Amino acid sequence: MRYLFFVLSLVVSASPLHLDAEILVDFRPTEGNSRNSEGDFLRLKDGSLAFAWSRFREADAKVAWDRGASDIALCRSRDGGRTWSAPEIAVTNDAQNVMSVSFFRLTDGRIGLLYLRNHADGSNEVVLRTSEDETRTWAAPRTVYDSGGCLAVVNNSRVVRLASGRLLVPVARHGLKNGKPEAVAELLCLLSDDDGATWTRPEVVFSHPHRACWATELNTLGERPELVFQTFDGNTYYSNLRPFRTWTEDNGKTWTERVKVADVRMCSPIALGRANDGSVYFAGNPGYPAPIPHERRNRMFLWPLSDRLDAMGRPVTLRDAKTDFTSGCGSWNMDHPIYSVIRF
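Model, not experiment: these values are computed from the prediction.

## A few points about the overall build of the protein
Then, in step 1: Within the protein, the regular secondary structure consists of zero helices and 25 strands.
Then, in step 2: Across the 344 residues that make up the protein, the buried fraction comes to 56%.
Then, in step 3: A sequence separation of at least 24 residues applies to 51% of the contacts in the protein between residues at least 6 apart.

What follows is the structure, encoded as structure tokens:
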């Protein structure tokens, strides 16, 4: 069973190991909907919030892992995230599935919705739709990036606009073997200087002959745009995700050599955000020695980071469950951090 729940107002108390957090709503699976995951928030013009996510159709959760049929669902909140409207389908599946959404606002006021369109042969495209009426209707999809017979992984809530107006989208590209992604991947960064109308052919940011990368977080929380990504090898996929960072001084055209964030290992994707007091955190599940069952993702922490994202403090507990487990693949609302968490 995989579903979403929202956590509102992540405020660290005086105790370094306590977190003041409130669970708002659970998107539990129903008949014909065994998984809800990978979402993003957006503040609408009237002050309300929109949340979109991957809504998988299969009744069997084992079938609904990333290759199952899915649509993109959407709901809205008019009270800062405490209550939400009934889910509606924003994008109907037109391939094997559509999933992993990112919202962003275009300079002309329209809303952009970036997502993945996955195919049965394992390949996919990064796709963009726009809305002129604040998420009520959506224009026809346009392909932003064709993987060229590979698998392009763009996690949710990943589009960033720089002060220059340039849009950046990080992509981890996996080769395919017999329809399945290879363990080795390379990290790319898509660029657009015309509000998403066209995108440059991406340069390789990171590549390694024996290690892959995923769960890239692109942020502007520090003094310059930074990519925080995790690398792993095929033998320790779930237990040995190591976070690294790289940054750019020329708005994403070139990137520095990778630098280790800290001596920490993860077993899930990460998400960075800024709390009410201005502190920077990243959320995720701590790693364990391999081999690791999925159930060992039952602990979820927030790690405080320095303003330069180069030092970590003691973690605070966001979730510590005995029977279920969580994944730090989510997003933060802009004003009071609402973090969407996947529970299994």
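From this point, the narrative continues.
## Concerning the nonpolar core
Then, in step 1: Of all hydrophobic cores here, the largest spans 17 residues; its most connected members are L114, V126, V144, Y145, V169, V171 and L190.
Then, in step 2: Looking at this core, the elements with two or more residues in it are β8 (111–118), β9 (124–131), β10 (142–146), β13 (167–177) and β14 (180–192).
Then, in step 3: For this core, the element with the highest residue contribution is β13, accounting for three residues.
Then, in step 4: Aside from chain neighbours lying at most four places away, what touches Y145 is E125, V126, A152, V171, R173, L188, L190 and P202.

## What to know about the pairing of strand β5 (residues 70–77)
Then, in step 1: In terms of burial, β5 is a largely internal element, eight of the eight residues being buried.
Then, in step 2: Of the two faces of β5, the one lined by S70, I72, L74 and R76 and the one lined by D71, A73, C75 and S77 are each fully buried.
Then, in step 3: One ladder, built from eight bridges, connects strand β4 (residues 49–56) with β5; its direction is antiparallel. Residue pairing for β5: R55 is matched across the bridge by D71.
Then, in step 4: Bridge analysis of β5 against strand β6 (residues 88–91) gives three bridges, and the strand direction is antiparallel. Paired with I72 across the strands is V91, a residue of β6.

## Focus on the pattern of salt bridges
Then, in step 1: Considering all chains together, one arrives at 14 salt bridges under this definition.
Then, in step 2: R35 is the partner of E38 in a salt bridge, and the nearest nitrogen-oxygen pair spans 2.6 Å.
Then, in step 3: With a closest N to O distance of 2.8 Å, D193 and R166 form a salt bridge. Here D193, found in the loop between β14 and β15 (203–206), pairs with R166, found in the loop between β12 (160–161) and β13; they are 27 residues apart in sequence, far enough to count as distant.
Then, in step 4: What makes R166 buried here is its relative accessible area of 15%.
Then, in step 5: Connected through salt bridges with shared partners, the residues R224, E226, R245 and E249 form a single ionic network.

## Focus on the side chain of T246
Then, in step 1: Structurally, T246 is set in strand β18 (residues 242–247).
Then, in step 2: For T246, a relative accessible area of 1% puts it in the buried group.
Then, in step 3: Reaching out from T246, the side chain makes a polar contact with the backbone oxygen of T256 at a distance of 2.6 Å.
Then, in step 4: Not counting the four nearest positions on each side in its chain, T246 is found in contact with V205, P225, E226, L227, F229, W255, T256 and E257.

## Concerning the pairing of strand β21 (residues 280–284)
Then, in step 1: For β21, a buried count of five out of five residues is recorded, marking the element as mostly surrounded by other parts of the structure.
Then, in step 2: Residues V280, F282 and G284 of β21 are buried on one face, and the alternating residues Y281 and A283, pointing to the opposite face, are buried as well.
Then, in step 3: Here five bridges tie β21 to strand β22 (residues 299–305), and the two strands are oriented antiparallel to one another. Bridged to F282 within β22 is W303.

## Quick word on the environment of A262
Then, in step 1: Assignment of secondary structure puts A262 in the loop between β19 (259–260) and β20 (271–274).
Then, in step 2: Separated by 20 residues in sequence, A262 and R242 have C-alpha atoms that sit 8.6 Å apart.

## Observations regarding the sheet that holds β9
Then, in step 1: If you trace the four strands from one edge of the open sheet to the other, you get β7-β8-β9-β10, paired in antiparallel fashion. Either end of the sheet is taken by a strand with one partner, and the two such strands are β7 (97–105) and β10. Here the average twist between neighbouring strands, direction ignored, is 25°.
Then, in step 2: Here β8 pairs with β9 via eight bridges, running antiparallel. Directly across from N118, in β9, lies its bridge partner N124.

## Comments concerning the packing of aromatic side chains
Then, in step 1: Enumeration over the complete set of coordinates arrives at six aromatic pairs.
Then, in step 2: Residues F51 and W53 carry aromatic rings whose centres are separated by 5.6 Å and whose planes lie at 25° to one another, so their mutual orientation is stacked.
Then, in step 3: For W53, a relative accessible area of 1% corresponds to the buried category.
Then, in step 4: One aromatic cluster is present, formed by F41, F51, W53 and W84 through successive ring pairs.
Then, in step 5: Over the face of the ring belonging to W247 we find R224, whose NZ or CZ atom lies 4.2 Å from the ring centre.
Then, in step 6: Geometry around F244 places R258 over its ring, the cationic atom sitting 4.5 Å from the centre.

## A word on the side chain of E134
Then, in step 1: With respect to the helices, strands and loops of the structure, E134 is situated in the loop between β9 and β10.
Then, in step 2: Accessibility expressed as a relative area gives 16% for E134, which makes it buried.
Then, in step 3: Only 2.8 Å separates the side chain of E134 from the backbone nitrogen of K45, close enough to count as a polar contact.
Then, in step 4: A polar atom in the side chain of E134 sits 2.6 Å from the side chain of R105.
Then, in step 5: Excluding residues within four positions of it along the chain, E134 makes contact with L44, K45, R76, R105, G109 and I111.

Reading the values: the criteria
Residues numbered from 1 in each chain as written. Predicted model: local features only at pLDDT ≥ 70, side-chain atom pairs only at ≥ 80, totals over all residues. Heavy atoms only, no water. Helix = DSSP H or I, 4+ residues; strand = E, 2+ residues; numbered from the N terminus. Buried < 20%, exposed > 50% of the residue type's maximum accessible area, 1.4 Å probe, protein only. Contact = heavy atoms within 4.5 Å. Core = buried A, V, L, I, M, F, W, Y, C linked by side-chain atoms within 4.5 Å. Pairing = 2+ DSSP bridges. Salt bridge = Lys/Arg side-chain N within 4 Å of Asp/Glu carboxyl O. Polar contact = N/O pair within 3.5 Å; in protein donor to acceptor, adjacent residues only side chain to side chain. Axes fitted to C-alpha atoms, helices over the stretch in contact; angles between N-to-C directions. Phe/Tyr/Trp six-rings, centres within 6.5 Å; stacked < 30°, edge-to-face > 60°. Lys NZ or Arg CZ within 6 Å of the ring centre and 35° of its normal.

Limitation: the analysis is restricted to geometry and does not speak to function.
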